[in-house]
Amino acid sequence: MKYPAQIQITGQTIPVYVQDTPVAEVYRCDACGYNSPVYAGTAAVCRKCGHASLTPTEGVILGQYSCTNSYIRVYHSDETPTLCGINFFHEVLEAINSVNDLKLPHQTITTLAACWYQAMTSGNLLSMN
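Residues take numbers from 1 onward in each chain, read along the sequence in its written order. Local features are withheld for residues below a pLDDT of 70 in this predicted model, meaning they are given only at 70 or higher, and side-chain atom pairs are given and counted only at 80 or more; totals for whole chains, interfaces and linings count all residues. Note: side-chain values were computed over all heavy atoms of the structure, leaving out hydrogens and water.

Only DSSP runs of H or I reaching four residues or more are called helices, and only runs of E reaching two or more are called strands; each is numbered from the N terminus. When helices and strands are counted, the protein shows two helices and seven strands. Reported as C-alpha extents along the three principal axes, the dimensions of the protein are approximately 50 × 35 × 25 Å. With a 1.4 Å probe rolled over the protein chains alone, any residue whose accessible area is under 20% of its type maximum counts as buried; one over 50% counts as exposed, and the rest are partly exposed. Every one of the 129 residues in the protein was classed for burial, and the buried ones make up 36%. With residues, only the protein chains shown are counted as cover, and all accessible areas are computed by Shrake-Rupley using a 1.4 Å probe. Put simply, the protein shows about 7600 Å² of open surface, and 53% of that area lies on carbon and sulfur atoms. Charged residues are defined here as Lys and Arg on the positive side and Asp and Glu on the negative side; His and the ends of the chain fall outside this count. One atom stands in for each charge, and that atom is NZ of Lys, CZ of Arg, CG of Asp or CD of Glu. Taking the 6 positively charged and 9 negatively charged side chains of the protein as two groups, their mean positions are separated by 9 Å.

And the structure:
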């Protein structure tokens, strides 16, 4: 899939960064049991209780829309192009949701992303190369 360097949403320019590693790994807090994402370059502390003793899980986060810094960061792998494409659409919908204060539930965004991706690729409206 060809990713754009940036997208426009309601006149706002949002850079898109593509990387070959997951955006974050998920860790379980040894103190409270909460699953916390740990992003590269950030401290591994629980987002719920602040405890610093975390155990890695097998979970990863493949994409992120940062509303505070206004960018999209996504993971891409040639081995899982459909998953990565759906993930990109998901993050675009997260950005649309945030910029326009739509208050769409996360599950709705997830469903819309998968359906939108399928419609675009099955109708040959989106090239995978």
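This paragraph deals with the sheet that holds strand β5 (residues 54-61). As a general point, the strands of a sheet are linked pairwise by backbone hydrogen bonds and lie either parallel or antiparallel. For two strands to pair, DSSP has to find at least two bridges joining them. An order of β4-β3-β5 is seen for the three strands of this open sheet, with the pairing classed as antiparallel. Only two strands of the sheet have a single neighbouring strand rather than two, namely β4 (35-39) and β5. Strand-to-strand, the axes of this sheet are offset by a mean angle of 35°, without reference to chain direction. Relative to β5, strand β3 (residues 24-29) runs antiparallel, the two sharing five bridges. Bridge pairing in β5 places alanine 24 opposite isoleucine 61. What counts as an axis is a line fitted to C-alpha atoms, over the stretch in contact for a helix, and the angles between N-to-C directions run from 0 to 180 degrees.

One open sheet accounts for four strands, arranged β1-β2-β7-β6; its pairing is mixed. The sheet terminates laterally at β1 (6-9) and β6 (63-66), the two strands that pair on one side only. For this sheet, the mean inter-axis angle between neighbouring strands, taken without regard to orientation, is 20°. Pairing of β6 with strand β7 (residues 71-75) involves four bridges; the strand directions are antiparallel. Within β7, the position partnered with tyrosine 65 by the bridge is isoleucine 72.

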